[in-house]
Amino acid sequence: MASASSCLSLLLVVAPASSASAQLSSTFYDTSCPRALATIRSAVNAAVAQEARMGASLLRLHFHDCFVQGCDASVLLAGSERTVAPNLSLRGYEVIDKIKAQVEAICKQTVSCADILAVAARDSVVALGGPSWTVLLGRRDSTTAADMNTVLNSLPPPSSSLAQLIREYGNLGLNPTDMAALSGAHTIGLAHCPNYRAHTYNDANIDPTFARSLRANCPMANNTGGDVTAPLDTTTPARFDNAYYRNLLSRKGLLHSSFSTDNTVRSFASNPSAFSSAFAAAMVKMGNISPKTGSQGQIRLTCSKVN
Ligand code: HEM
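Residues numbered from 1 in each chain as written. Predicted model: local features only at pLDDT ≥ 70, side-chain atom pairs only at ≥ 80, totals over all residues. Heavy atoms only, no water.

As named in an unreviewed UniProt entry, the chain is Peroxidase, taken from Setaria viridis. Listed under Function (unreviewed entry) in UniProt, the entry text for the chain is "Removal of H(2)O(2), oxidation of toxic reductants, biosynthesis and degradation of lignin, suberization, auxin catabolism, response to environmental stresses such as wounding, pathogen attack and oxidative stress." The Catalytic activity (unreviewed entry) field of the UniProt record for the chain holds the comment "2 a phenolic donor + H2O2 = 2 a phenolic radical donor + 2 H2O". (UniProt positions renumbered as here; feature names shortened; annotations may be inferred.)

Draft legend 1. Broad picture of the UniProt feature "binding site: heme b" (unreviewed entry) in the chain. If you check UniProt for "binding site: heme b" (unreviewed entry), the listed places come out as His186 in our numbering. Tracing the backbone shows His186 in the loop between helix H9 (176–183) and strand E1 (190–192). For His186, the contacting residues outside a window of four places in its chain are Leu232, Asp233, Tyr244 and Leu255. (Helix = DSSP H or I, 4+ residues; strand = E, 2+ residues; numbered from the N terminus. Contact = heavy atoms within 4.5 Å.)

Draft legend 2. Spotlight on the side chain of Asp207. Along the chain, the position of Asp207 falls in the loop between helix H10 (193–202) and helix H11 (208–215). This buried residue, Asp207, is left without a salt bridge; Lys252 holds the nearest opposite charge, at 4.9 Å. A polar contact is formed between the side chain of Asp207 and the backbone nitrogen of Phe210, at a distance of 2.9 Å. Filtering out sequence-adjacent residues up to four positions away, Asp207 remains in contact with Ser250, Arg251 and Lys252. (Buried < 20%, exposed > 50% of the residue type's maximum accessible area, 1.4 Å probe, protein only. Lys, Arg positive; Asp, Glu negative; His and termini not counted. Salt bridge = Lys/Arg side-chain N within 4 Å of Asp/Glu carboxyl O. Polar contact = N/O pair within 3.5 Å; in protein donor to acceptor, adjacent residues only side chain to side chain.)

Draft legend 3. Summary view of the packing of H10 against H11. Two elements in contact, H10 and H11, have axes separated by 9 Å at closest approach and are oriented at 135°. Overall, the two elements H10 and H11 adopt an arrangement that is oblique. For H10 against H11, the interelement crossing comes out left-handed. Two secondary-structure elements touch here, H10 through Tyr196, Thr200 and Tyr201 and H11 through Ala211, Leu214 and Arg215. Residue composition of the contact of H10 with H11, by class: four nonpolar, one polar and one charged. (Axes fitted to C-alpha atoms, helices over the stretch in contact; angles between N-to-C directions. Parallel < 35°, antiparallel > 145°, perpendicular 65-115°, else oblique. Left-handed = near helix turned anticlockwise from the far one by under 90°. Nonpolar A, V, L, I, M, F, W, Y, C, P; charged D, E, K, R; others polar.)

Draft legend 4. Local environment of the site of the ligand. Near the ligand you find 24 residues, and of these Arg53, Ser57, His186, His192 and Asn195 are the closest. Side-chain polar atom of Asn195 to an oxygen atom of the ligand: 2.7 Å apart, as the coordinates give it. Tallying contributions element by element places helix H4 (residues 53–67) first for the shell around the ligand, with five residues. Residue composition of the shell around the ligand, by class: 15 nonpolar, six polar and three charged. (Near = heavy atom within 4 Å.)

Draft legend 5. Layout of the pattern of salt bridges. Applying the stated criterion to the full structure yields seven salt bridges. Among the ionic pairs, Asp72 bridges to Lys292, the shortest N-O distance being 3.4 Å. With Asp72 in the loop between H4 and helix H5 (93–106) and Lys292 in the segment after helix H14 (272–287), the pair connects residues that are 220 residues apart, well separated along the chain. A salt bridge links Glu104 to Lys100, with the shortest nitrogen-to-oxygen separation between them at 2.8 Å. Placement of both Glu104 and Lys100 in helix H5 is noted, with a separation of four residues, approximately one turn of the helix. Of the two residues examined, Glu104 and Lys100, each falls in the buried class. A network of salt bridges, in which partner residues are shared, links Lys100, Glu104 and Lys108.

Draft legend 6. Representation of the packing of aromatic side chains in the model. Taken as a whole, this structure holds 11 aromatic pairs when the rule is applied. Pairing Phe240 with Phe279 gives two aromatic rings, centres 4.8 Å apart and planes at 55°, and the pair type is tilted. On the criterion of sequence distance, the pair formed by Phe240 in the loop between strand E2 (229–231) and helix H12 (243–249) and Phe279 in helix H14 is long-range, its members being 39 residues apart. Pair check on accessibility: Phe240 and Phe279 agree, each one buried. Between Tyr244 and Tyr245, the aromatic rings sit 5.1 Å apart at their centres with planes inclined by 80°, giving edge-to-face as the arrangement. Classification of Tyr244 as buried rests on a relative accessible area of 9%. Given a relative accessible area of 0%, Tyr245 falls into the buried group. Joined through ring pairs, the aromatic side chains of Trp133, Phe240, Tyr244, Tyr245, Phe268, Phe275 and Phe279 make up one cluster. When the ring centre of Tyr93 is taken as origin, the NZ or CZ atom of Arg82, which lies over that ring, is 3.7 Å away. (Phe/Tyr/Trp six-rings, centres within 6.5 Å; stacked < 30°, edge-to-face > 60°. Lys NZ or Arg CZ within 6 Å of the ring centre and 35° of its normal.)

What follows is the structure, encoded as structure tokens:
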């Protein structure tokens, strides 16, 4: 009798590929720019060696790109999406610009900024000790940025309910397991006081000693503490591991979480390899959100502006 997993692989083989992901391919640049991936990897490794947090920032850039209007590098366009509230704390643009310049130097107008973001996100996770996955390639860059309302409606705020989050991720083809796995990205990087203030002052599901230590540097009054930061994972802030889930179970998560006692959280907390494979699979799915392919969009020469 076929096992559940072999049934699943069969389904994956015979199910018609969605038009969004059908045109992406891991070998997309093999002929047109064979050195592209190695060039991106060494630039990411250098940036992360200089500042470990940059790995977190590059991963978050890819997430904010994909959730808003698809993975089309619209987030990189200067002066538009970047200026909408949830994007104000994004960073790493100059690293992407530098990588793009290096890639342009070897292959003129061939590798998209959207693909550079997707590969840089994967290489960042690997550089910080996390899992690897095969990045599907062939995205093209948008010629327009999303407007303010689209950005605000596309990026769920930390205060979202579980039902809202499940619906929003579901609309993008990501199931609740993908959602739980992607949240594990908060095992690296920092958050600013205004984003964890309410959790530390108002929420019940936070360890009191942990909350007190955070409040010491994050004043209660709104419009204060804007520059104060704390690691999203206090135990291993620069290591991509499953500590985010263990922190949730011990009520030491920095951000408000709607699913901190969920069974998936328990499973990822106790089983690092279950988390690694779920995270890798979910990143591939996130990278498949509405890519521009074929003759859509363009290959930008500079990631911060349209040609
Ligand atoms: C409901 C979904 C999510 C919410 C509400 C959320 C919220 C946040 C917030 C508030 C911050 C701190 C920003 C700051 O204060 O500077 C943050 C940081 C971060 N997020 Fe998320 N996030 C979500 C999903 C994701 C996903 C899907 C990923 C990646 C796959 C991700 C990766 C990161 C990373 C790596 C950082 C640290 C960035 C840095 O240090 O520069 N987040 N997130």
